[in-house]
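Residue-level structure breakdown
Below are the chains, spelled out letter by letter.
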Amino acid sequence: MEIGLVGLGRMGFNLARNMRDKGHRVVAYNRTAEKTRQAEQEGITGAYSLGELVDKLTPPRVVWLMVPAGPPVDEMIAQLVPLLSKGDTLIDGGNSFYKDTLRRAPAVQATGVNFVDVGTSGGIEGARNGACTMIGASDEIFARLELLFRDISVPDGYLHTGPNGTGHFVKMVHNGIEYGMLQAIGEGFELLSKSPFTLNYREIAGVWDHGSVIRGWLMELMERAFGKDARLEGIRGVMHSSGEGLWTAQTALELGVPAPVITESVFMRFRSEQEDSFAGKVVAALRNEFGAHQVEKK
């Protein structure tokens, strides 16, 4: 299959590599030409304008957006849709707010271009080696693209969640849950750091990852982070909020669903920008491990 990919950031570039490795022809465009040249050196076809990207794809085209949520998505859609033809498909694979997706989908489809929203999880490693994808699309378009989603995802790691908006809604709730889990791990290790004992945090994370109730990828990443910095002394405990947790908390309020853990974890992200804490260091280190999110160095 041919895929046009717009956005060669941390996730987008690894997703392009993933698609390439599965035998798909990827035509990639990035706002800065340096990333496009790098992609060409790795066997990915480069395009230096959106028009060139569209011209290098065979109709019916598939164009996958991996750009930051919000206005950048609207701007890219406004530039791309006039270049596309009836029957082409535009995929938003970023962390867009589901209400934005519900607004964008009918506007795009009114032009004859299909619209798909894909919540993509698994961090930069998942984008490279096998993601978890949640797909909002019509049955017909999902069936047409299912092979692509299966190829770029881990086994049993893709789901047609329903019509447009559902992919981003399910991913939003996923990220809200992630906020709560990260906060709990951070608080637990802060308790360990305040204890009267001399403890090895890397070894504790390692043993918790083997057979315990809280075992999993986050604990594996925690062991890796402590392996790099045993006491996380090199970073500040600032946990930046990327938006999805706040959207989840707001949606919970709108729907009348009690979500105190997720909501409080959002507040703790804001508090971390005011006062340093070991829990904040833990969450910052974890976010850096799975998503290469920036940490603030001491």
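Refer to the preceding data block for the structure.
Residues numbered from 1 in each chain as written. Predicted model: local features only at pLDDT ≥ 70, side-chain atom pairs only at ≥ 80, totals over all residues. Heavy atoms only, no water.

1. Regarding the side chain of R287
The topology assignment puts R287 in helix α13 (residues 278-291). One buried charged residue, R287, remains without a salt bridge, the closest side chain of opposite sign being E178 at 5.5 Å. Among residues more than four places away in sequence, those in contact with R287 are L182, H240, S242, R269, A292 and H293. (Helix = DSSP H or I, 4+ residues; strand = E, 2+ residues; numbered from the N terminus. Buried < 20%, exposed > 50% of the residue type's maximum accessible area, 1.4 Å probe, protein only. Lys, Arg positive; Asp, Glu negative; His and termini not counted. Salt bridge = Lys/Arg side-chain N within 4 Å of Asp/Glu carboxyl O. Contact = heavy atoms within 4.5 Å.)

2. Comments concerning the environment of T251
Looking at where T251 falls in the secondary structure, it is placed in helix α11 (residues 244-255). On the basis of relative accessibility, which here comes to 4%, the residue T251 falls in the buried class. For the pair T251 and D151, spaced 100 residues apart in the sequence, the C-alpha separation amounts to 32 Å. A polar side-chain atom of T251 sits 2.8 Å from the main-chain carbonyl oxygen of W247. (Polar contact = N/O pair within 3.5 Å; in protein donor to acceptor, adjacent residues only side chain to side chain.)

3. Concerning the sheet that holds strand β1 (residues 2-6)
The strand order across the open sheet built from 8 strands is β3-β2-β1-β4-β5-β6-β7-β8, with neighbouring strands paired in mixed fashion. Either end of the sheet is taken by a strand with one partner, and the two such strands are β3 (45-47) and β8 (153-162). With direction set aside, neighbouring strand axes in the sheet form an average angle of 25°. The strands touched by helix α7 (residues 139-152) within the sheet are β1, β4 (62-65), β5 (89-92), β6 (114-121), β7 (131-136) and β8, with β8 carrying the most contacts at an inclination of about 160°. (Pairing = 2+ DSSP bridges. Axes fitted to C-alpha atoms, helices over the stretch in contact; angles between N-to-C directions.)

4. Here's the deal with a nonpolar patch on the surface
Together, L246, F267 and F270 make up a nonpolar patch on the protein surface, roughly 260 Å² of accessible area in all. Along the chain, F267 turns up in helix α12 (residues 260-272). (Patch = residues over 30% accessible without salt bridge, like charges linked within 9 Å, V, L, I, M, F, W, Y side chains within 5 Å. Areas by Shrake-Rupley, 256 points an atom, 1.4 Å probe, with all protein chains shown as cover.)

5. A look at the layout of surface pockets
Taken as a whole, the second largest pocket holds about 160 Å³ of empty space. A225, K228, D229, L232, G234, I235, A285, N288, E289, V295 and K297 are the residues that line the second largest pocket. (1 Å grid on protein atoms, 1.4 Å probe; cavity = no way out; pocket = protein on both sides within 12 Å on 5 of 7 lines; lining within 4 Å. Points joined across faces, edges and corners; volume = space filled by probe spheres on them.)

6. Some remarks on unusual backbone geometry
Cis geometry marks the peptide bond from P59 to P60, where omega comes out at -5°. For P60, the position within the fold is in the loop between α3 (50-55) and β4. Located in the positive-phi region is D156, a residue other than glycine, with phi close to 60°. Along the polypeptide, D156 turns up in strand β8. Despite not being glycine, A292 shows a phi value in the positive range, around 55°.

7. Comments concerning the packing of aromatic side chains
Inspection of the entire model under this criterion finds 12 aromatic pairs. Taking the centre distance of 6.2 Å and the plane angle of 10° together, the rings of F142 and F149 count as stacked. An identical accessibility class is assigned to F142 and F149; each is buried. Each ring, one from W217 and one from F290, has its centre 6.3 Å from the other, and the planes form 45°; the classification is tilted. With W217 in helix α10 (residues 217-228) and F290 in helix α13, the pair connects residues that are 73 residues apart, well separated along the chain. Cluster of aromatic residues (ring-pair linked, three or more members): F189, Y201, W208, F226 and F278. We note R17 situated over the ring of F13; from NZ or CZ to the ring centre the distance is 3.9 Å. (Phe/Tyr/Trp six-rings, centres within 6.5 Å; stacked < 30°, edge-to-face > 60°. Lys NZ or Arg CZ within 6 Å of the ring centre and 35° of its normal.)

8. Some points on helix α5 (residues 98-109)
The terminal C-alpha atoms of α5, which comprises 12 residues, lie 16 Å apart, in line with the 16 Å expected from a rise of 1.5 Å per residue. All buried positions along α5 are accounted for by Y98, T101, R104, A105 and V108. Axial view of α5: buried residues confined to an arc of 110°, hence all on one face. (Expected span 1.5 Å × (residues − 1). Arc of directions from axis to C-beta.)

9. Quick look at empty space enclosed by the protein
Gaps between atoms show up when a probe of the same size as a water molecule is rolled over them. The tally for this structure, following the rule as stated, stands at 1 cavity of 30 Å³ or more. The computed volume of the largest cavity comes to approximately 30 Å³. Lining of the largest cavity is provided by G94, N95, S96, H168, K171, M172, E244 and W247. Taken together, the elements giving at least two residues each to the lining of the largest cavity come down to α8 (166-193) and α11. Sort the elements by how many residues they give to the lining of the largest cavity and α8 lands first, with 3 residues. In the lining of the largest cavity, the residues fall into 2 nonpolar, 4 polar and 2 charged. (Nonpolar A, V, L, I, M, F, W, Y, C, P; charged D, E, K, R; others polar.)

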